[in-house]
Amino acid sequence: MTKIEEIIAEHGDYLLRVAYLYVGNSETAEDIVQDVFIAFYEKRDQYRGEASLRTYLVKITVNRSHDYLRSWKNKRIMLFEKVKGRSTNHTPERAMLEIAEKQELVDALFTLSINYREVLILYYFQEMTTVEIAKLLKCPESTVRTRLERARKQLENRIIDYEWEELRRESI
């Protein structure tokens, strides 16, 4: 296996998850990750080893994802194309309820601005620390903490709004 094939095998799935959490579409995420690896291969001499290779590739992936999102400002794409319950202990009713709850969260997440959405994704889905997020986004750690706090509050309010709307519809 060549060096680039080893890098793709080691980091490809992780980068795909990162891109997918930004753009919400598996095909687009695959395209972004492919572009990332092509760009890395073409400019591999520019990697100076100041950060881990994974961090470097994640940074490129986040930047490419931002570029994609900026190019499609008015287009909302669902974060998850399919959400399936894997456990056999769930009843079909419970599985449908879980799908609806996840969909509400996804819908609420996409109503947030990209600044708030990305810190939530990096913190909760990628399990990065606020220090790591600050380095990745090139902003002070206090800004990341503020964005996280505001994003959580906005997300909570939007989920409550969805629940109230659902109750209103049921009572009609």
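Note that the coordinates shown come from a computational prediction; the quantities given were computed from them, not determined experimentally. (Residues numbered from 1 in each chain as written. Predicted model: local features only at pLDDT ≥ 70, side-chain atom pairs only at ≥ 80, totals over all residues. Heavy atoms only, no water.)

(A) Summary view of a negative patch on the surface. On the surface, Glu27, Glu30, Asp31 and Asp35 cluster together into a negatively charged patch. By secondary structure assignment, the location of Glu27 is in helix α2 (residues 26-42). Judged by relative accessible area, Glu27 falls into the partly exposed class, the value being 45%. (Patch = residues over 30% accessible without salt bridge, like charges linked within 9 Å, V, L, I, M, F, W, Y side chains within 5 Å. Areas by Shrake-Rupley, 256 points an atom, 1.4 Å probe, with all protein chains shown as cover. Salt bridge = Lys/Arg side-chain N within 4 Å of Asp/Glu carboxyl O. Lys, Arg positive; Asp, Glu negative; His and termini not counted. Charge placed at Lys NZ, Arg CZ, Asp CG, Glu CD. Helix = DSSP H or I, 4+ residues; strand = E, 2+ residues; numbered from the N terminus. Buried < 20%, exposed > 50% of the residue type's maximum accessible area, 1.4 Å probe, protein only.)

(B) Focus on helix α1 (residues 3-23). Spanning 21 residues, α1 covers 28 Å between terminal C-alpha atoms, matching the ideal 30 Å at 1.5 Å per step. All buried positions along α1 are accounted for by Ile4, Ile7, His11, Gly12, Tyr14, Leu15, Val18, Ala19, Tyr20, Leu21, Tyr22 and Val23. Phi turns positive, to about 75°, at Gly24, one or two residues after α1. (Expected span 1.5 Å × (residues − 1).)

(C) Examining the pattern of salt bridges more closely. Per the stated rule, a full pass over the model turns up one salt bridge. A salt bridge links Arg145 to Glu141; the nearest nitrogen and oxygen atoms lie 3.2 Å apart. Taken together, the residues Arg145 and Glu141, both in helix α7 (residues 141-171) and four residues apart, mark about one turn of the helix. Of the residues examined, Arg145 reaches a relative accessible area of 44% and is grouped as partly exposed.

(D) Quick peek at the side chain of His11. With respect to the helices, strands and loops of the structure, His11 is situated in helix α1. Accessibility expressed as a relative area gives 6% for His11, which makes it buried. Residues contacting His11, with those up to four places away along its chain left out, are Phe37, Leu53, Arg54 and Leu57. (Contact = heavy atoms within 4.5 Å.)

(E) Molecular detail of the nonpolar core. Counting residues in hydrophobic clusters, the biggest one holds 40 residues, and the most contacted among them are Leu15, Leu57, Val119, Leu120, Leu122, Ile133 and Val144. Secondary structure elements with two or more residues in this core: α1, α2, α3 (53-71), α4 (92-111), α5 (114-125), α6 (130-137) and α7. The element contributing the most residues to this core is α1, with 10 residues. Not counting the four nearest positions on each side in its chain, Leu120 is found in contact with Leu109, Leu112, Phe125, Leu148, Ala151, Arg152 and Leu155. (Core = buried A, V, L, I, M, F, W, Y, C linked by side-chain atoms within 4.5 Å.)

(F) Representation of a nonpolar patch on the surface in the model. There is a patch of nonpolar side chains on the surface, built from Tyr123, Tyr124 and Phe125 and spanning about 290 Å² of accessible area. Following the sequence through the fold, Phe125 ends up in helix α5. With relative accessibility at 39%, the residue Phe125 sits in the partly exposed group.

(G) Broad picture of the packing of α5 against α6. Running from N to C, α5 and α6 cross one another at 135°; their axes reach a closest spacing of 10 Å. Considered as vectors, α5 and α6 are oriented oblique to each other. Crossing hand, α5 versus α6: right-handed. Residue-level inspection shows Glu118, Val119, Leu122 and Tyr123 of α5 in contact with α6, the latter providing Thr130, Ile133, Leu136 and Leu137. (Axes fitted to C-alpha atoms, helices over the stretch in contact; angles between N-to-C directions. Parallel < 35°, antiparallel > 145°, perpendicular 65-115°, else oblique. Left-handed = near helix turned anticlockwise from the far one by under 90°.)

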